[in-house]
Amino acid sequence: MPKQPLNTHLRQYYEAKHASPKKRAQLVAMAEISPRKAGEDTTRQTKNFPVFWRYLRPPLTLGLALTAMIVLFFFQPRTDITQSVSKEIVLNHNKRLALEFPSQSYAHLENQMSKLDFSLIHSKKRDIQNLQLLGARYCSIQGELAAQFRLEDKTGRTYTLYQSPVTDDLLRLKAGERVQDGLKLKLWREADLFFGLVGPLD
Amino acid sequence: MPEERQEKTKTLLRHGFRYALSLTHETTQAEDLLQDAWVAVLRAGGPQKRAYLFSAIRSRFLDQRRRAQLVVIESLEDNSPYLGQEIQPSNEMIFANTEMLDKALGILRPVEREALLLSEIEGYTTQEIAKLTGQARGTVLSLIYRSRQKLKKHLLLQAGKENHA
């Protein structure tokens, strides 16, 4: 190098210095895949994007949440109400909770069970006619207040009879006989009431 | 990426590399420093401008030095005798080759090399350097003056040794 001013020496020195071609290519490629384009003054974008998002996010989130709720409401797998009620009343039967109103008369119980918002009826089913009433207590079926009667056959085997108003859920219930947890179960509707009878297998 | 934009990126990276090199005085370290800063700039979506990239490089360099406890903080009052002046390029003719310059720059502190590069190569004014480096203008003026003197002295010594040899 000839004699020259210091700044010329420095310029030549630094201008001869470069990052390796591999590193240069790597760094340029980074800018290429970056959403922010090289050479652009992105200050405006970066400042506006969060503001825009800040205002848009709440209605978007609400909209998404509502959509999710609607979808869940219409497409949720419906639980089998018959199976659900069957399990519930069999469980109640097995608990054998103490009778709140010992009585052998439906008419008497009708007077005593004043919290019920429906009138008890004495079913005309033959299964019931042959059973002796021992008493009753309040219970609930699918969250609705119901009456639970304890009955006994001639051999001393106990049965539980349920009466409840027919709610929207119970409307979908399939009437019939089935065996649930080793017990015989009979479900039916009579005079706008839901009936369920649980007892030992024959 | 359009060709023009790619060229701008390459130019920006070239400036970035030189600036990083002025701080580290070591090629591999400068490359790593530039990469760290470049990634940060892209991630932040910051403006791809020289001052922004330099600032990112500088803060990363200082972080590294702090971690290694290598930062020598030199307090220079803003009452430098050069305050109120603008450093003018020296017209004094000096003999130097790349090896000599490399050695001479190696004896300077990073802040001195940085100040020299910014003023002599990048064409920054002392006010701009002061803003970028967060130092008082007087400090920058002193840095530039001292580093020039150190560099000249070292180069003259080297040249003398080579002549004797």
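This text follows the structure it describes.
The sections below set out a description of the structure shown in this document. The shown structure was predicted, so the numbers you read here are calculated from the model rather than taken from an experiment. (Residues numbered from 1 in each chain as written. Chains lettered and ligands numbered in written order. Predicted model: local features only at pLDDT ≥ 70, side-chain atom pairs only at ≥ 80, totals over all residues. Heavy atoms only, no water.)

**Describing the overall build of chain A**
A count of helices and strands for chain A gives seven helices and eight strands. A separation of at least 24 residues holds for 56% of the contacts in chain A among residues at least 6 apart in sequence. About 12,400 Å² of surface is accessible on chain A, with carbon and sulfur atoms providing 56% of the total. (Helix = DSSP H or I, 4+ residues; strand = E, 2+ residues; numbered from the N terminus. Contact = heavy atoms within 4.5 Å. Areas by Shrake-Rupley, 256 points an atom, 1.4 Å probe, with all protein chains shown as cover.)

**Some words on the pairing of strand 5 (residues 158–165) of chain A**
Residue and element names in this part refer to chain A. For strand 5, the tally of buried residues reaches seven of eight residues, placing the bulk of the element in the interior. Taken together, the six bridges between strand 4 (residues 144–152) and strand 5 define a ladder with antiparallel strand orientation. Residue pairing for strand 5: glutamate 152 is matched across the bridge by threonine 158. Sheet topology places strand 5 next to strand 8 (residues 193–200); six bridges connect them, and they run antiparallel. Considered in strand 8, the bridge of threonine 160 is made with valine 198. (Buried < 20%, exposed > 50% of the residue type's maximum accessible area, 1.4 Å probe, protein only. Pairing = 2+ DSSP bridges.)

**Here's the deal with the packing of helix 1 (residues 3–24) of chain B against helix 5 (residues 110–121) of chain B**
All names here are of chain B. Remark: helix 1 packs on helix 5, axes separated minimally by 7 Å, with the N-to-C direction vectors making an angle of 150 degrees. One finds that helix 1 runs roughly antiparallel with respect to helix 5. Between helix 1 and helix 5, the residues in contact are Arg18, Tyr19, Leu21, Ser22, Leu23 and Thr24 and Pro110, Arg113, Glu114, Leu117 and Leu118, respectively. Grouping the constituent residues of the contact of helix 1 with helix 5 by class yields six nonpolar, two polar and three charged. (Axes fitted to C-alpha atoms, helices over the stretch in contact; angles between N-to-C directions. Parallel < 35°, antiparallel > 145°, perpendicular 65-115°, else oblique. Nonpolar A, V, L, I, M, F, W, Y, C, P; charged D, E, K, R; others polar.)

**Topic: a nonpolar patch on the surface**
Residue and element names in this part refer to chain A. Together, Leu62, Leu66, Met69, Ile70, Val71, Phe73, Phe74 and Phe75 give the surface a local cluster of nonpolar side chains, amounting to about 920 Å² of exposed area. With respect to the helices and strands, the residue phenylalanine 74 is situated in helix 3 (residues 43–75). In this structure phenylalanine 74 comes out as exposed when scored by relative accessible area, which is 59%. (Patch = residues over 30% accessible without salt bridge, like charges linked within 9 Å, V, L, I, M, F, W, Y side chains within 5 Å. Salt bridge = Lys/Arg side-chain N within 4 Å of Asp/Glu carboxyl O.)

**Observations regarding the pattern of salt bridges**
All names here are of chain A. Scanning all chains against the criterion turns up 10 salt bridges over all chains. Residue lysine 186 pairs with aspartate 127 through a salt bridge whose shortest N-O separation is 2.7 Å. You can see lysine 186 sitting in strand 7 (residues 183–190) and its partner aspartate 127 sitting in helix 6 (residues 126–129), a full 59 residues away along the chain. Its relative accessible area of 31% is what places aspartate 127 among the partly exposed residues.

**Comments concerning the packing of helix 2 (residues 21–33) of chain A against helix 1 of chain B**
Closest axis-to-axis distance for the helix 2 of chain A/helix 1 of chain B pair is 10 Å, and the angle between their directions is 130 degrees. As summarised for this structure, helix 2 of chain A and helix 1 of chain B are arranged oblique, according to the angle between their axes. As helix 2 of chain A runs across helix 1 of chain B, the sense of the crossing is right-handed. Where helix 2 of chain A approaches helix 1 of chain B, its residues Leu27, Val28, Ala31 and Glu32 of chain A are matched on the opposing element by Gln6, Thr9, Lys10 and Leu13 of chain B. Considered class by class, the residues forming the contact of helix 2 of chain A with helix 1 of chain B number four nonpolar, two polar and two charged. (Left-handed = near helix turned anticlockwise from the far one by under 90°.)

**What about helix 1 of chain B?**
A rise of 1.5 Å per residue sets the reference length of helix 1 of chain B, with its 22 residues, at 32 Å; its end C-alpha atoms lie 31 Å apart and thus fit the reference within 8%. Where helix 1 of chain B is concerned, the buried positions are Thr9, Leu12, Leu13, Gly16, Phe17, Arg18, Tyr19, Ala20, Leu21, Ser22, Leu23 and Thr24 of chain B. Those residues of helix 1 of chain B that are buried lie in contact with helix 1 (6–15) and helix 2 of chain A together with helix 2 (27–44), helix 3 (50–67), helix 5 and helix 6 (126–133) of chain B. Phi turns positive one or two residues past the end of helix 1 of chain B, at histidine 25 of chain B, with a value near 60 degrees. (Expected span 1.5 Å × (residues − 1).)

**So, the packing of aromatic side chains**
All names here are of chain B. Evaluation of the coordinates by the stated rule reveals six aromatic pairs over all chains. Where phenylalanine 54 meets tyrosine 124, the ring centres are 6.0 Å apart and the plane angle is 25 degrees; that geometry is what we call stacked. Of this pair, phenylalanine 54 sits in helix 3 while tyrosine 124 sits in the loop between helix 5 and helix 6; the two residues are 70 residues apart in sequence, bridging distant segments of the chain. Exposure class is identical for phenylalanine 54 and tyrosine 124. Each is buried. What links up through ring pairs into an aromatic cluster is the set Tyr19, Phe54 and Tyr124. (Phe/Tyr/Trp six-rings, centres within 6.5 Å; stacked < 30°, edge-to-face > 60°.)

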